[in-house]
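Listed below, chain by chain, are the residues.
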Amino acid sequence: MKRIHFGLMGAGGFAREVMPYVRASVSKSINCSSEEIELYFVETWEPKVSTVNGYPLVSLTDFSKLPGHKYFNVAVSDGRAREELVQAVGGSAEVIQIHAPQAVILEANEIADGSILCPFTAVTSNIRIGRYFQANFNAIVGHDCVIGDFVTLAPSVNCLGRVHIGDYAYIGTNAMIRQGAADKPLRIGTGAIVGMGAVVTKDVPDGATVIGNPARVMSK
Ligand SMILES: CC(C)(COP(=O)(O)OP(=O)(O)OC[C@H]1O[C@@H](n2cnc3c(N)ncnc32)[C@H](O)[C@@H]1OP(=O)(O)O)[C@@H](O)C(=O)NCCC(=O)NCCS
């Protein structure tokens with residue numbers, strides 16, 4: 001039997017929430033039997049323990065040396081940290097999407113490499129999503145949204161239709177983002193942070209943190 005090695009970068013809380021559905025997702029994506037897949041948590045440093053939740057925890061150096069075909073994804077919620085980990089993996093493994101079986105993807109969507117869709121997320125229709133997107137439990141992306149690279153939606157985010165989200169933006173738990181118009185999408189800037197529970201009714205500037213209902217830029 002051939003061995004397929006899958007490394008999930010990160011061994012923190014989010015990674016431990018993602019690992020339980022990795023096997024089913026990888027098996028479906030590359031059309032192999034689930035018994036052929038060996039799963040690992042992977043860190044960039046030398047791990048202090050050898051297993052996490054019964055899965056081996058290995059360094060990236062050791063993962064890279066494994067024989068046979070290797071796949072990976074990155075389960076770290078900070079977008080910039082995620083990008084650094086992708087660069088650290090380099091060409092040593094091939095990225096693969098991890099979509100929970102309960103994630104709903106409707107029609108005419110483009111989702112670039114590296115996405116993680118947790119259980120009960122929804123990507124509805126006519127949506128474009130950049131590289132290494134993460135949608136945590138119950139997050140919803142509405143029609144005609146355009147989402148950049150390394151964007152993170154925390155649990156239960158409700159991003160209504162025609163919203164454009166810039167690269168590296170982080171949308172906190174239970175945030176609600178009002179719909180944009182066809183000729184004027186609502187824009188969340190590059191690197192912006194939307195605080196948990198915020199109700200966003202207007203554009204958010206690049207790099208700003210907004211909180212509250214209606215959401216306002218947080219004073220330092
Ligand atoms: C908005 C956020 C990024 C600010 O973090 P921070 O810069 O560390 O801010 P602090 O915790 O120092 O809080 C500063 C003030 O803002 C308030 N505040 C923080 N987040 C807030 C929010 N989302 N809504 C309203 N007020 C908030 C704090 O109570 C504090 O008020 P005070 O000055 O009166 O004491 C953060 O609180 C947040 O919402 N993060 C998202 C968390 C999340 O969704 N996690 C998902 C894990 S899966």
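Going by the structure above, here's the rest.
The rules behind these values
Position labels on residues start from 1 in each chain and follow its written sequence. Thresholds applied to this predicted model are a pLDDT of at least 70 for local features of residues and 80 or more for the giving and counting of side-chain atom pairs; totals over whole chains, interfaces and linings are not thresholded and use all residues. By the criteria applied, helices consist of DSSP H or I runs no shorter than four residues and strands consist of E runs no shorter than two, each listed in order from the N terminus. Atoms counted for the radius of gyration: C-alpha only. Globule rule: 2.2 Å times residue count to the power 0.38. Buried, partly exposed and exposed are defined by the number of other C-beta atoms within 10 Å of a residue's own C-beta, namely 20 or more, between the two limits, and 12 or fewer respectively, with C-beta atoms placed from the backbone. This entry defines residue contacts through backbone-placed C-beta atoms, with two residues in contact when those atoms are within 7 Å. This arc is taken over the directions from the axis of the helix to the C-beta atoms. Here, any two strands with at least 2 DSSP bridges between them count as paired.

### Structural notes on the overall build of the chain
For the chain, the count of helices and strands is four helices and 25 strands. Here the C-alpha radius of gyration of the chain, 18 Å, is about what a compact globule of 220 residues would show, namely 17 Å. C-alpha atoms of the chain, sized along the principal axes, occupy 55 × 40 × 25 Å. Sorting the 220 residues of the chain into buried and exposed places 42% on the buried side. Sequence-distant contacts in the chain: of pairs separated by 6 or more residues, those separated by 24 or more amount to 28%.

### Some thoughts on helix α4 (residues 79–89)
If you check which residues of α4 are buried, you get G79, R82, L85, V86 and V89. Around the axis of α4, the buried residues are gathered within 115° of arc, so they sit on the same side. Among the exposed residues of α4, those oriented more than 90 degrees off its buried face are E84 and Q87. Structurally, α4 contributes buried residues whose contacts are with β1 (4–9), α3 (60–65), β5 (69–74), β16 (152–153) and β19 (170–171). Positive phi shows up at G90, right after α4, with a value of about 55°.

### Examining the pairing of strand β2 (residues 37–43)
When β1 meets β2, the two strands line up parallel, connected through six bridges. Each residue of the ladder has a partner; that of I4, found in β2, is I37.

### Quick notes on the pairing of strand β4 (residues 55–59)
The pairing of β2 with β4 spans three bridges and is classified as parallel. The residue bridging V42 from the neighbouring strand is V58, located in β4. Bridge count between strand β3 (residues 51–52) and β4: two bridges; the pairing is antiparallel. Bridging from a neighbouring strand, V52 pairs with Y55 of β4. Once β3 ends, the chain turns through two residues before running back antiparallel as β4, passing N53 with a positive phi of about 50°.

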